[in-house]
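Read off the chains here:
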Amino acid sequence: SQKIEQNSEALNIQEGKTATLTCNYTNYSPAYLQWYRQDPGRGPVFLLLIRENEKEKRKERLKVTFDTTLKQSLFHITASQPADSATYLCALDSLDTGRRALTFGSGTRLQVQP
Amino acid sequence: DAGVIQSPRHEVTEMGQEVTLRCKPISGHDYLFWYRQTMMRGLELLIYFNNNVPIDDSGMPEDRFSAKMPNASFSTLKIQPSEPRDSAVYFCASSQGDRGYGYTFGSGTRLTVV
């Protein structure tokens, strides 16, 4: 069955360090992979999108990699700040099922300590 | 644009009552999605529309759930009769395309059925 896995344990890092979050998937052939940020009591906010033929995408302090061989995406936040503390969700569409809507992982909570 | 607008923000209702959740998507977005989020199951797609037409409702849990989109600026999700296991946060999201575009989420409706 199709599965998207994100580390359910919270990631705690010190301010200024690079945070790296992982998204693994099985039985998907995604055309796109997206990352969202969700704060408590709020809806997810779109951050970045990467296509299957792209290896890496950057936006300010954010970097996403996409390895379709390993079936994995890494999400990096450089020079992390306490304001980056939130839950980060990865999401895939699927070429297999034809469903043109995103399926979300369960998210990883990031806590940046000052 | 004010973003995706959902109402109400909170809803507490008794088991067996009808509940109607409302959503106004971003103008010009031709895709609208309804998701449900719980601690146990994360974000689950319920149904999505393209140009006001329901495309995939396979995520709707039971016949007690129904959704409509009478025009491009309004959608409703109705639960009748409601049950305690329907308690969750319901999100509406819109997008300007089916693939390759990020979703804009509303702030959600927190539904509690007692």
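Check the entry above for the structure.
For the structure given in this document, a descriptive report is provided here.

Conventions and cut-offs
The numbers attached to residues start from 1 for each chain and follow its sequence in the written order. Labels are handed out in written order, letters beginning with A for the chains and numbers beginning with 1 for the ligands. For this predicted model, a pLDDT threshold of at least 70 governs which residues receive local features, and a threshold of 80 or more governs which side-chain atom pairs are given and counted, while totals over whole chains, interfaces and linings are taken from all residues. Computation of side-chain values: all heavy atoms of the structure, hydrogens and water removed. Sulfur atoms of two cysteines make up a disulfide when they are within 2.5 Å. Starting at the N terminus, helices and strands are each numbered in turn, a helix being any DSSP run of H or I of at least four residues and a strand any DSSP run of E of at least two. Here's how the labels work: a residue is buried when its accessible area is under 20% of the maximum for its type, exposed when over 50%, partly exposed in between, all with a 1.4 Å probe on protein chains only. Any two residues whose heavy atoms approach within 4.5 Å are treated as being in contact. Here the quantity called buried area is the accessible surface, traced with a 1.4 Å probe, that two parts lose on coming together, added over both. Salt bridge, as used here, is a side-chain nitrogen of Lys or Arg placed within 4 Å of a carboxyl oxygen of Asp or Glu. What qualifies as a polar contact is a pair of N or O atoms within 3.5 Å, subject to a donor-acceptor requirement within protein and to the restriction that residues adjacent in sequence count only when both atoms come from side chains.

1. Describing the state of the cysteines
So, step 1. Taken as a whole and assessed by the stated rule, the structure comprises 2 disulfides over all chains.
So, step 2. In this model Cys23(A) forms its disulfide with Cys90(A); the gap between the sulfur atoms is 2.0 Å. Here Cys23(A) and Cys90(A) share a disulfide; its torsion about the S-S bond, 60°, makes the bridge right-handed. Of this pair, Cys23(A) sits in strand 3 (residues 19-26) while Cys90(A) sits in strand 9 (residues 86-92), and the two are 67 residues apart along the sequence. Across this residue pair, the class does not change: Cys23(A) and Cys90(A) are buried.
So, step 3. The disulfide partner of Cys23(B) is Cys92(B), and the S-S distance across this bridge is 1.9 Å. Because the torsion about its S-S bond is -65°, the bridge between Cys23(B) and Cys92(B) counts as left-handed. With Cys23(B) in strand 3 (residues 19-24) and Cys92(B) in strand 9 (residues 88-95), the pair connects residues that are 69 residues apart, well separated along the chain. For the pair Cys23(B) and Cys92(B), one class covers both residues: buried.

2. With respect to the interface of chain A and chain B
So, step 1. Facing the 21 residues of chain A at the interface are 20 residues of chain B.
So, step 2. Approximately 1700 Å² of surface area, both sides summed, lies buried where chain A meets chain B, with 49% of it carried by carbon and sulfur atoms.
So, step 3. Joining chain A to chain B, the criterion identifies 0 salt bridges.
So, step 4. At the surface where chain A touches chain B, the tally comes to 5 residue pairs in polar contact (both at pLDDT 80 or more).
So, step 5. For the side of chain A that touches chain B, the secondary-structure elements that each account for two or more residues are strand 4 (32-38) and strand 5 (45-51) of chain A.

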